[in-house]
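# Results of the structural survey
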Amino acid sequence: MAESLLLPLVRGVAGKAADALVETVTRMCGLDDDRQTLERRLLAVESKLANAEEMSETNPYVKSWMKELKSVAYQADDVLDDFQYEALRRQSKIGKSTTRKVLSYIMRHSPLLFRFEMSRKLKNVLKTINKLVKEMNMFGLESSVRREERQHPWRQTHSKLDETTQIFGRDDDKEVVVKLLLDQQDQRRVQVLPIIGMGGLGKTTLAKMVYNDQEVQQHFELKMWHCVSDNFDFIALLKSIIELVVSGRCDMPDMIELLQKKLEQVIGQKRFMLVLDDVWNEDERKWEDVLKPLLCSVGGPGSVIIVTTRSLKVASIMQTLRPHKLACLSEQDSWELFAQKAYSNGAEQEQAELVSIGRRIVNKCKGVPLALKTMGGLLSSYQQVQEWKAIEENDIGDSVRGKDEIMSILKLSYKHLSSEMKQCFTFLAFFPKDYVMNKDMLIQLWMANGFIQEKRPMELTSRGEFIFDELVWRSFLQDKQELTINYGATSYVTINCKMHDLMHDLAKDVTDECASIEELNQQKALLKDVCHMQVSKAELEQISGLCKGRTILRTLLAPSGSHKDFKVLLQVSTSLRALHCPPSSIVNCNKAIYAKHLRYLDLSWSEITELPESICVLYNLQTLRLIHCEELRQLPKDMARLRKLIHLHLSGCDRLERMSPNFGLLNSLHILTTFVVDTREGLGIEQLKDLQNLSNRLELLNLDKIESGRMQKKPILIRRKT
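Residues numbered from 1 in each chain as written. Predicted model: local features only at pLDDT ≥ 70, side-chain atom pairs only at ≥ 80, totals over all residues. Heavy atoms only, no water.

- Under an unreviewed UniProt entry, the protein chain has the name Disease resistance protein RGA3 and belongs to Aegilops tauschii subsp. strangulata.
- Looking at the Sequence similarities (unreviewed entry) heading of the UniProt record, one finds this comment for the protein chain: "Belongs to the disease resistance NB-LRR family." (UniProt positions renumbered as here; feature names shortened; annotations may be inferred.)

So, in structure tokens, the structure goes:
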């Protein structure tokens, strides 16, 4: 499944090859022909990549080809990023007096040397891509840019309950839903009730329980069940409903007008209940303009439609009644469901140790009925304690049956994500299980890695917020909480969330780019193929043995550890887009940071008194987090050069004496938490007048320094975007 992430990667690199800044520098270096060739080759590969992914499932040669393509795509991205950085560096020099100390940190003193080195890098990339394109043309692949959006196989369900199987933990849900349906008896219009929840929670099972309830049977004259799945086709759905009512085939022409009249004829004024199971359609027009007028204009008072879906967006489009959210099973219900399956052969009475292992496995299932049934059924075929322990030590999705049954259900949700959202979701495998993720940090890391595709920088954050909300709506993220964080006199509101363990297993299953030191040691693997890593202090001490040559690490979060171990890792990580330094390592590791590609830098909770001037040559930097740097007194004087800076977090920097001069030039800022007013030239509150894109609460410090007479001459309007 990891190959499915290749398409957005290749598409993003092709887009960067066409970037105006990249083109400007390649023209100046006489390398624009090579740039154009690279762009064309990438577009050619992109058009056939979806078909290559299908073929790779059965063809190991194509699978190997895709692995090499991913490697060279990352190399190409770095090379193009070098050109982009050089353009930004030159822009920064124009009309600016800059200290030699800062520029010497990273600038190329010789244009000839830069051209020679970049020519070598670009031609090496082209050589590899030309070879891969030649091989690709031998595969006989179809050209289909939109192939990733193809229809998925139908998932068929039915209304029949297995009366021999006990259902645990859903009686209360059934009672609530049945009562709600019966209470609609006086409603003239058809009411729509969504049942929502993540895959495997039992939405279809609950719908069946309601459908077969005795009171429901007597209350509704007509009951119909249709599994929609991917096929939200008006004609097919209308014909299916007609066939369900008449218990016969509908051979009418595919004309909505005729089908509408037939529907009115066969249903008339009968009170009906229609279950639309497994709905994925998020196109509001398909419901509002076509199906809603047809389905909600027939039937007698009290008619209802039940919709089961994993998507809050689907529910919001179709609902007339408040959706019924299906929760995970309680600990007791989880145990009873698992035990029914796992101990069917009497092992529960024979070995108490199997019970204690079973309870630990139940905890890992986190109340998801599908996982509980699958793991219980798997363990029922084993009687030995060692066999149970071996299964307990693995993730649920690592067992053969777990991978086949549980992951296949969850992958249905994954397949319905856009390429952009797939990248953002799989990145979450980078965090350990049960990790509390911060919304702002997540979006900033997505942006740093280029997962969010927006041409205008100011739209990146808004797009990231949309993707975050979509992942919450679709149950990929959960436990969303709004919190108020206090840093002394400073406070701000933030949003945190978590991910269900099964969703974490899914993310790990569909990507091979995220790994921990522990996982690498277990697999006896090196760092060279890992893109995103979070490292604890203990793990950092083991890192040197895994660093053999350059890595392709793009995200490295190491909030604690010694600077010696961290410096070793930095020296082989020349592709970093996002970096969180241990507080003790900032000064010592400053020169080891390869700054060209960096978009995200977190120096929070450090004891630094001032930032190194080298920060000012991070021309690609989008996010700088300096939260709770209590000893920080000033920002670098050339910080106004960071024109791409979008987020600057200064909460808890209580000793900050002033901002950097000409701060108003940072007009891409979307988040600025603190502004310290000063009376000197270029440091006053008037610098805020050009920061028109700020969207957060801003704390103003040292307002007593404002001279009233001076402010009357320079009126300022500070607006907050909504």
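### Description of the overall build of the protein chain
- The helix and strand tally for the protein chain stands at 27 helices and 17 strands.
- Expressed as a percentage of the 722 residues in the protein chain, the buried residues total 55%. (Helix = DSSP H or I, 4+ residues; strand = E, 2+ residues; numbered from the N terminus. Buried < 20%, exposed > 50% of the residue type's maximum accessible area, 1.4 Å probe, protein only.)

### Quick word on the sheet that holds strand 10 (residues 555-557)
- Overall, parallel pairing links the 7 strands, which are arranged 9-10-11-12-13-14-15 in an open sheet. Each of the sheet's edge strands pairs with one partner strand only, and the pair in question is strand 9 (532-534) and strand 15 (671-672).
- Where strand 9 meets strand 10, 3 bridges bridge the pair, whose relative direction is parallel. From the neighbouring strand, Met533 faces strand 10, where its bridge partner is Leu556.
- Seen against the sheet, helix 21 (residues 439-448) touches strand 10, strand 11 (578-580), strand 12 (600-602), strand 13 (623-625), strand 14 (647-649) and strand 15 and runs at an angle of roughly 140 degrees to strand 12. (Pairing = 2+ DSSP bridges. Contact = heavy atoms within 4.5 Å. Axes fitted to C-alpha atoms, helices over the stretch in contact; angles between N-to-C directions.)

### Focus: the nonpolar core
- Residues Phe338, Phe425 and Trp446 are the most contacted members of the largest nonpolar core, which totals 89 residues.
- It is helix 21 that provides the largest number of residues to this core, a total of 7 residues.
- In contact with Trp446, not counting residues within four places along its chain, are Cys424, Phe427, Leu428, Phe451, Ile452, Gly464, Ile467, Phe468 and Leu471.
- Core analysis: the second largest hydrophobic core is formed by 50 residues, Leu598, Leu601, Leu635 and Leu642 among them. (Core = buried A, V, L, I, M, F, W, Y, C linked by side-chain atoms within 4.5 Å.)

### What about unusual backbone geometry?
- The phi angle at Lys366 is positive, at roughly 55 degrees, despite the residue not being glycine.
- In this structure, Lys366 sits in the loop between helix 16 (352-365) and helix 17 (369-379).
- Note on Lys366: relative accessible area 34%, which makes it partly exposed.

### Remarks on the environment of Arg474
- Relative to the elements of secondary structure, Arg474 occurs in the loop between helix 22 (460-473) and strand 7 (478-487).
- Note on Arg474: relative accessible area 12%, which makes it buried.
- Those residues in contact with Arg474 that sit more than four places away from it in its chain are Glu282, Arg310, Ser311, His416, Leu417 and Met421.
- A polar side-chain atom of Arg474 sits 2.6 Å from a polar atom in the side chain of Glu282. (Polar contact = N/O pair within 3.5 Å; in protein donor to acceptor, adjacent residues only side chain to side chain.)

### Considering the pairing of strand 1 (residues 191-196)
- A large share of strand 1 lies buried, amounting to 6 of its 6 residues.
- Side chains Gln191, Leu193 and Ile195 of strand 1 all project onto a buried face; the interleaved residues Val192, Pro194 and Ile196 project onto the opposite face, where all are buried too.
- Relative to strand 4 (residues 304-309), strand 1 runs parallel, the two being bridged by 6 bridges. In the strand pairing of strand 4, Leu193 is matched with Ile306.
- With 2 bridges connecting them, strand 1 and strand 5 (residues 324-325) associate as parallel partners. Paired with Ile196 across the two strands is Lys325, which belongs to strand 5.

### A few points about the packing of helix 1 (residues 6-17) against helix 3 (residues 32-56)
- Between helix 1 and helix 3, the shortest axis-to-axis distance is 9 Å and the interhelical angle comes to 155 degrees. In terms of orientation, helix 1 lies roughly antiparallel with respect to helix 3. Relative to helix 3, the crossing made by helix 1 is left-handed. Counting all contacts with helix 1, which are made through Leu6, Leu7, Val10, Arg11, Val13, Ala14 and Ala17, the residues of helix 3 involved are Arg35, Glu39, Leu42, Leu43, Glu46 and Leu49.
- Taken together, the residues that form the contact of helix 1 with helix 3 break down as 9 nonpolar, no polar and 4 charged. (Parallel < 35°, antiparallel > 145°, perpendicular 65-115°, else oblique. Left-handed = near helix turned anticlockwise from the far one by under 90°. Nonpolar A, V, L, I, M, F, W, Y, C, P; charged D, E, K, R; others polar.)

### With respect to the sheet that holds strand 4
- Pairing is parallel across the open sheet formed by 5 strands, whose spatial order is 2-3-4-1-5. Each of the sheet's edge strands pairs with one partner strand only, and the pair in question is strand 2 (222-229) and strand 5.

### Focus on helix 18 (residues 385-392)
- Of the residues making up helix 18, those classed as buried are Val385, Trp388, Ile391 and Glu392. Summarising the axial view, the buried residues of helix 18 lie within an arc of 125 degrees, below the 170-degree limit, and thus occupy one face.
- The inward-facing, buried residues of helix 18 contact helix 14 (331-342), helix 16 and helix 17. (Arc of directions from axis to C-beta.)

### Considering the pattern of salt bridges
- Under the definition given, this model contains 45 salt bridges.
- Arg474 is paired through a salt bridge with Glu282; the nearest N and O atoms lie 2.6 Å apart. You can see Arg474 sitting in the loop between helix 22 and strand 7 and its partner Glu282 sitting in the loop between strand 3 (272-279) and helix 12 (284-295), a full 192 residues away along the chain.
- As a salt-bridge pair, Arg474 and Glu470 come within 3.1 Å of each other at their nearest N and O atoms.
- Since its relative accessible area comes to 7%, Glu470 is described here as buried. (Salt bridge = Lys/Arg side-chain N within 4 Å of Asp/Glu carboxyl O.)

### Focus on the side chain of Gln184
- Mapped onto the elements of the fold, Gln184 is located in the loop between helix 7 (171-182) and strand 1.
- Among the polar contacts made by the side chain of Gln184, one reaches the main-chain carbonyl oxygen of Leu180 at a distance of 2.9 Å.
- Beyond its immediate chain neighbours, meaning those up to four positions away, Gln184 contacts Gln191, Gly302, Val304 and Leu321.

### Observations regarding the confidence of the model for the protein chain
- Scored by pLDDT, the protein chain comes out at a mean of 83, with 84% of its residues at no less than 70.
- Confidence over residues 95-108 falls short of pLDDT 50; this stretch has 34 contacts with residues more than four positions distant or in other chains.
- The low-confidence segment residues 145-154 (pLDDT under 50) makes 20 contacts with residues lying over four places distant or belonging to another chain. (pLDDT = per-residue confidence, 0-100.)

### What about the environment of Arg322?
- Relative to the helices and strands, Arg322 is located in the loop between helix 13 (312-318) and strand 5.
- Note: C-alpha distance between Arg322 and Pro194 (128 residues apart in sequence) is 7.6 Å.

### Observations concerning the state of the cysteines
- What the rule picks out here adds up to 0 disulfides.
- Not part of a disulfide, Cys514 finds its nearest cysteine sulfur in Cys531, a span of 7.8 Å.
- Here Cys653 is not cross-linked by a disulfide; its sulfur's nearest cysteine counterpart is in Cys629, at 5.0 Å. (Disulfide = S-S within 2.5 Å.)

### So, the packing of helix 10 (residues 234-246) against helix 11 (residues 256-267)
- The N-to-C vectors of helix 10 and helix 11 enclose an angle of 25 degrees; their axes lie 10 Å apart at closest approach. As summarised for this structure, helix 10 and helix 11 are arranged roughly parallel, according to the angle between their axes. Judged by the sense of rotation from one axis to the other, the crossing of helix 10 with helix 11 is left-handed. Residues Phe234, Ile235, Leu238, Lys239, Ile241, Ile242, Val245 and Val246 of helix 10 pack against Ile256, Leu259, Lys262, Leu263, Val266 and Ile267 of helix 11.

### Things to note about the packing of aromatic side chains
- On inspection of all chains with the given rule, the structure shows 17 aromatic pairs.
- Geometrically, the ring pair formed by Tyr343 and Trp388 is stacked, given 5.4 Å between the ring centres and 20 degrees between the ring planes. With Tyr343 in the loop between helix 14 and helix 15 (347-350) and Trp388 in helix 18, the pair connects residues that are 45 residues apart, well separated along the chain. Assigned by exposure class, Tyr343 and Trp388 land together as buried.
- Taking the centre distance of 6.1 Å and the plane angle of 55 degrees together, the rings of Tyr414 and Phe425 count as tilted. Taken as a pair, Tyr414 in helix 19 (residues 400-415) and Phe425 in helix 20 (residues 419-426) lie far apart in primary sequence, 11 residues in all. The two residues Tyr414 and Phe425 agree in class, both being buried.
- What links up through ring pairs into an aromatic cluster is the set Phe427, Phe430, Phe431, Tyr435 and Phe451.
- Over the aromatic face of Tyr211 sits the side chain of Lys223, whose NZ or CZ is 3.9 Å from the ring centroid.
- One residue, Lys422, lies across the ring of Tyr414, its end atom 5.4 Å from the ring centre. (Phe/Tyr/Trp six-rings, centres within 6.5 Å; stacked < 30°, edge-to-face > 60°. Lys NZ or Arg CZ within 6 Å of the ring centre and 35° of its normal.)

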